[in-house]
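# Working through the structure, step by step
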Amino acid sequence: FRYNPALAQQGKNPLQLDSKAPTLGLDKYIYNETRYSMLKHSQPEAAKRLFELAEEDVRRRWRQYEYLAAQQPESAPEPAGAAHEEKE
């Protein structure tokens, strides 16, 4: 994802997702690393619990990113130092 505050000045959402939702399962990713596969072999119950927590965290974060990237920005903020003048 990218965050470009200048896009808000153009009335666009400054948060942009550059990739699609994850398609590879977390297990396919993490168990390629020795530290995770060792935990799975040495403490299977703890590994299962931690894996479930991590998997839910991945889903939650992605939903949050999608939600934020889909938001329509409010009116563009005024430049710093801009004063409001009242009309009579």
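All values derive from a computational prediction rather than experimental measurement.

### Notes on the packing of aromatic side chains
- Tallying each qualifying case throughout the model produces 2 aromatic pairs.
- Look at phenylalanine 1 and tyrosine 65: their rings are 5.0 Å apart centre to centre, the planes differ by 35 degrees, and that puts the pair in the tilted class. Of this pair, phenylalanine 1 sits in the segment before β1 (2-3) while tyrosine 65 is found in helix α4 (residues 44-70), placing the two residues 64 residues apart along the sequence.
- Between the NZ or CZ atom of lysine 40 and the centre of the ring of tyrosine 31, over which it lies, the distance is 4.5 Å.

### Focus: α4
- In a regular helix each residue adds 1.5 Å, so 27 residues correspond to 39 Å; α4 covers 39 Å between its end C-alpha atoms and thus fits that length.
- Where α4 is concerned, the buried positions are Ala47, Phe51 and Trp62.
- On its buried face, α4 is in contact with α2 (26-30) and α3 (34-42).

### Describing the pattern of salt bridges
- Inspection of every chain in the model, using the stated rule, returns 6 salt bridges.
- A salt bridge links arginine 2 to aspartate 18; its shortest N-O distance comes to 2.9 Å. One end of the pair, arginine 2, is in strand β1; the other, aspartate 18, is in the loop between β2 (15-16) and α2, and 16 residues separate them in sequence.
- The class for arginine 2 is partly exposed, based on a relative accessible area of 47%.
- One salt bridge connects arginine 61 with aspartate 57, and the closest N-O pair in it is separated by 2.9 Å. Pair noted here: arginine 61 and aspartate 57 are both in helix α4, with a separation of 4 residues, about one helical turn.
- A single salt-bridge network, built from bridges that share partners, covers Glu56, Arg59 and Arg63.

Parameters at a glance
Residues numbered from 1 in each chain as written. Predicted model: local features only at pLDDT ≥ 70, side-chain atom pairs only at ≥ 80, totals over all residues. Heavy atoms only, no water. Phe/Tyr/Trp six-rings, centres within 6.5 Å; stacked < 30°, edge-to-face > 60°. Helix = DSSP H or I, 4+ residues; strand = E, 2+ residues; numbered from the N terminus. Lys NZ or Arg CZ within 6 Å of the ring centre and 35° of its normal. Expected span 1.5 Å × (residues − 1). Buried < 20%, exposed > 50% of the residue type's maximum accessible area, 1.4 Å probe, protein only. Contact = heavy atoms within 4.5 Å. Salt bridge = Lys/Arg side-chain N within 4 Å of Asp/Glu carboxyl O.

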